[in-house]
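Next come the chains, spelled out residue by residue.
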Amino acid sequence: MAKVIPRKPLTLAERTYLPQVLGGLKTTFKRMVSPNVTLEYPEERPVIPEGYRGVPTLVKDPDGREKCVSCQLCEFVCPPKAIKIFPGEIPEDAPTAHVEKAPRDFQIDMLRCIYCGLCQEVCPEEAIFLQEIFSVTGYTRSELVYNKQKLYELGGTLPDRHFKWEKKRQAAERGHQH
Amino acid sequence: MAVDLLIVVGKALAVVVVLMGLCAYTVLAERKVSSWIQNRVGPNRTTLPVIGAIPVLGPMLTRLGLFQPMADGLKFLFKEDILPGHVNKVYYMLAPVIALVPALLTVSVVPFGQYVDADGVTRPLILANLDIGILFIFAISSLGVYAIILAGWAANSKYPFLGGVRASAQMISYELAMGLSVLPVFLWINTPGAPATLSLVAVVDAQAGAWFVLLMPLSALIFLISIFAETNRAPFDMPESESELVGGFHTEYSSFKFGLFFVAEYAHMIVGSAILVLLFFGGWHPLPWLTLADLGLAGGVLGGVLSTLVFLAKTLLVVFFFIWVRWTVPRFRYDQVMRIGWRMLLPLAIANLIAYVLFLAWWVTR
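Report follows, based on the coordinates.

Conventions used here
- Residues numbered from 1 in each chain as written.
- Chains lettered and ligands numbered in written order.
- Predicted model: local features only at pLDDT ≥ 70, side-chain atom pairs only at ≥ 80, totals over all residues.
- Heavy atoms only, no water.
- Helix = DSSP H or I, 4+ residues; strand = E, 2+ residues; numbered from the N terminus.
- Rg over C-alpha atoms; globule rule 2.2 N^0.38 Å.
- Buried < 20%, exposed > 50% of the residue type's maximum accessible area, 1.4 Å probe, protein only.
- Contact = heavy atoms within 4.5 Å.
- Areas by Shrake-Rupley, 256 points an atom, 1.4 Å probe, with all protein chains shown as cover.
- Buried area = accessible area lost by both parts, 1.4 Å probe.
- Salt bridge = Lys/Arg side-chain N within 4 Å of Asp/Glu carboxyl O.
- Nonpolar A, V, L, I, M, F, W, Y, C, P; charged D, E, K, R; others polar.
- Core = buried A, V, L, I, M, F, W, Y, C linked by side-chain atoms within 4.5 Å.
- Axes fitted to C-alpha atoms, helices over the stretch in contact; angles between N-to-C directions.
- Parallel < 35°, antiparallel > 145°, perpendicular 65-115°, else oblique.
- Left-handed = near helix turned anticlockwise from the far one by under 90°.
- Pairing = 2+ DSSP bridges.
- Disulfide = S-S within 2.5 Å.

Once that is clear, we can look at the overall build of chain A. Summing up its helical and strand segments, chain A has six helices and five strands in all. Starting at the N terminus and walking to the C terminus, you meet the elements of chain A as α-α-β-α-β-β-α-β-β-α-α. A globule of 178 residues ought to have a C-alpha radius of gyration of about 16 Å, yet chain A, at 28 Å, is considerably larger. The dimensions of chain A, computed from C-alpha atoms along their principal axes, are 95 × 45 × 40 Å. Burial analysis of chain A (178 residues in total) assigns 29% to the buried set. Within chain A, contacts between residues at least 6 apart in sequence are counted, and of these 71% link residues at least 24 apart. By element, 56% of the accessible surface of chain A is carried by carbon and sulfur atoms, the whole surface being about 12,600 Å².

This part is about the interface of chain B and chain A. Taken together, the contact between chain B and chain A spans 22 residues of the former and 18 residues of the latter. Summing both sides of the interface, chain B and chain A together bury roughly 1,700 Å²; the carbon and sulfur share of this comes to 62%. Its largest share of buried area at the contact with chain A, chain B owes to Asn-39, Arg-45 and Trp-324 of chain B, together 34% of the area lost on that side. At the boundary of chain B with chain A, the tally comes to three salt bridges. The salt bridge involving Glu-40 of chain A is made with Arg-63 of chain B; its shortest N-O contact spans 2.7 Å. At the level of elements, helix 1 (2-37), helix 12 (300-326) and helix 13 (334-365) of chain B are the ones that each hand at least two residues to the side of chain B that touches chain A. The residue makeup of the side of chain B that touches chain A, split by class, is 14 nonpolar, four polar and four charged.

Now for the nonpolar core. Counting 90 residues, the largest nonpolar core has Phe-223, Phe-236, Leu-279 and Phe-280 of chain B as the members making the most contacts within it. Tallying contributions element by element places helix 11 (residues 255-280) of chain B first for this core, with 15 residues. What Phe-223 of chain B contacts, discounting residues up to four positions off in sequence, is Phe-138, Met-178, Ser-181, Val-182, Ile-275, Leu-276, Leu-279 and Phe-280 of chain B. Counting 21 residues, the second-largest nonpolar core is a separate cluster that includes Cys-74, Ala-82, Cys-113 and Leu-130 of chain A.

Residues and elements named next belong to chain B. Interhelical geometry of helix 7 (residues 158-189) versus helix 10 (residues 217-230) gives an angle of 150 degrees and a closest axis separation of 8 Å. It follows from the interaxial angle that helix 7 and helix 10 lie roughly antiparallel. Handedness of the helix 7/helix 10 crossing: left-handed. Contacts from Gln-170, Met-171, Tyr-174, Glu-175, Ala-177, Met-178, Ser-181, Val-182 and Pro-184 of helix 7 reach helix 10 at Ser-219, Ile-222, Phe-223, Ser-226, Ile-227, Ala-229 and Glu-230.

Our next topic: the sheet that holds strand 5 (residues 145-146) of chain A. Residue and element names in this part refer to chain A. Taken in spatial order, the three strands make up an open sheet running 2-3-5, and their pairing is antiparallel. The open sheet has two edge strands with one neighbour each: strand 2 (83-89) and strand 5. As paired elements, strand 2 and strand 3 (residues 101-109) share seven bridges and run antiparallel to each other. Residue Pro-87 lies in a different strand from strand 3, and its bridge partner there is Pro-103. Where helix 5 (residues 148-155) meets the sheet, its contacts fall on strand 3 and strand 5, and the angle it forms with strand 3 comes to roughly 85 degrees.

What follows deals with the state of the cysteines. Residue and element names in this part refer to chain A. With the rule as written, the count across this model stands at zero disulfides over all chains. Considering cysteine sulfurs only, Cys-74 is the nearest to Cys-68, which forms no disulfide, with 6.2 Å between them. On the basis of relative accessibility, which here comes to 9%, the residue Cys-68 falls in the buried class. Free cysteine Cys-119: the closest other cysteine sulfur is in Cys-116, separated by 6.1 Å. Judged by relative accessible area, which is 8%, Cys-119 ranks as buried.

Residues and elements named next belong to chain B. Relative to strand 2 (residues 122-125), strand 1 (residues 113-116) runs antiparallel, the two sharing four bridges. Paired with Val-116 across the bridge in strand 2 is Thr-122. From the end of strand 1 to the start of strand 2, which pair antiparallel, there are five residues, and Gly-120 there has a positive phi angle of about 80 degrees.

Turning our attention to the environment of Lys-84 of chain A. Residues and elements named next belong to chain A. Note that Lys-84 resides in strand 2. Overall, Lys-84 belongs to the partly exposed group, its relative accessible area being 46%. C-alpha separation for the pair Lys-84 and Asn-36, spaced 48 residues apart in sequence, amounts to 45 Å. Other than its neighbours up to four places away in sequence, Lys-84 contacts Glu-75, Asp-105, Phe-106 and Gln-107.

All quantities given are derived from atomic positions and should not be read as evidence of function.
Here it is in structure tokens:
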């Protein structure tokens, strides 16, 4: 059964609309003198929260070593197939030769990327991160396929908690005792 | 003779140019005030090459959006002027002109200041000091509704037509209350025996003491509400009502023709505010019971400039009030507009008139 809410008849003051109009004017005046909420975008930038999923980027560890070992897990997991990896060898005489592999080129098509973050989640080397860049523009499609150099530029260096390959090297030097 | 004519034309041009400038900047004020009320920033990017580059001043003016009206005006000039195939071409072209002409014509009898000349005679600053000032204004400003009806009819399309019909009903309803609400003012200033006048200058002179808003607040209120309805401003913007009738009477108009309607609306608003100030808020007297003559500032050019400035400031305050109300109050429903007009304002105005007639009759014969 429908509930009937009794309506009180309007008072004379209410029927003139004037008290309500004055109340409204007061409210809008308060708004007028209160500070704006507009973020004037190109000049002001929003605060990017922790864990924001922006553009995927490649990072280096604090020693400046590129972390990607071109295992291609991200390439396989990427739902829109935006990532393309060209695996390569690390030269024998390099200080990090024991890592063995690194990408010769690493391409992410930013027009395909859906910012799902699966690449970051799947990466065993913690080499790919979705960081705070959210605005990607370009004049051509090919311009928006970011190559390895560009991805490292965007990614920069992130702190490392493990130094996995450094530990491996030291362990190998000590004869693999754990 | 020719020089006199030139002076008259010059004065008229000056007044019209100032009015048009005020219209342009009222549009800006509308946008700015609306954005402030909605906690936004409003137009703040348009800039001019040279002035905008002045170190501190340029960015400040840009931020205030002071160059925006020029961009808006240019937009009206350069947009495509569409002449729909289904319109009645003559009336369709005529309507915007008819909208603008009365709006600009009424300003000719609006006094905007006064000065004391070398002979000690007080002269009003006015284009045409008609003895029937207020009557002329009512007569001409109500012509503005023809433009709206004509536009609605000539567009030959349903929404403009509805807008035009609403406009005619609304104008007729509110003009009555408006006319009746100003009658007490003229009863007050016309004492028996003295030469009768309907001049707005006389009204302002009579307010050297108490302003009429203090003597007859109800008249002022009714007049204010009627002005809102007469100038098609929210909450009485029935003819336009963009949420129901697309754009109302100007739905089919574009480019410069729309611009003319736009300017006419704002010109109406400014002239309406000016008349409200003249009738009830003391015209160019800075405060109640305080005139420029009391301060010794009424003489010569200084007096003229000061009185004009005081009058302009008051008018712009009322314009601000118009804008403020527009962004506060939602539009009335059509039946509510009619009810307020016929069943509230009109009886109230008549009762108000009778009350003042009786009071003045007692006062004069006392």
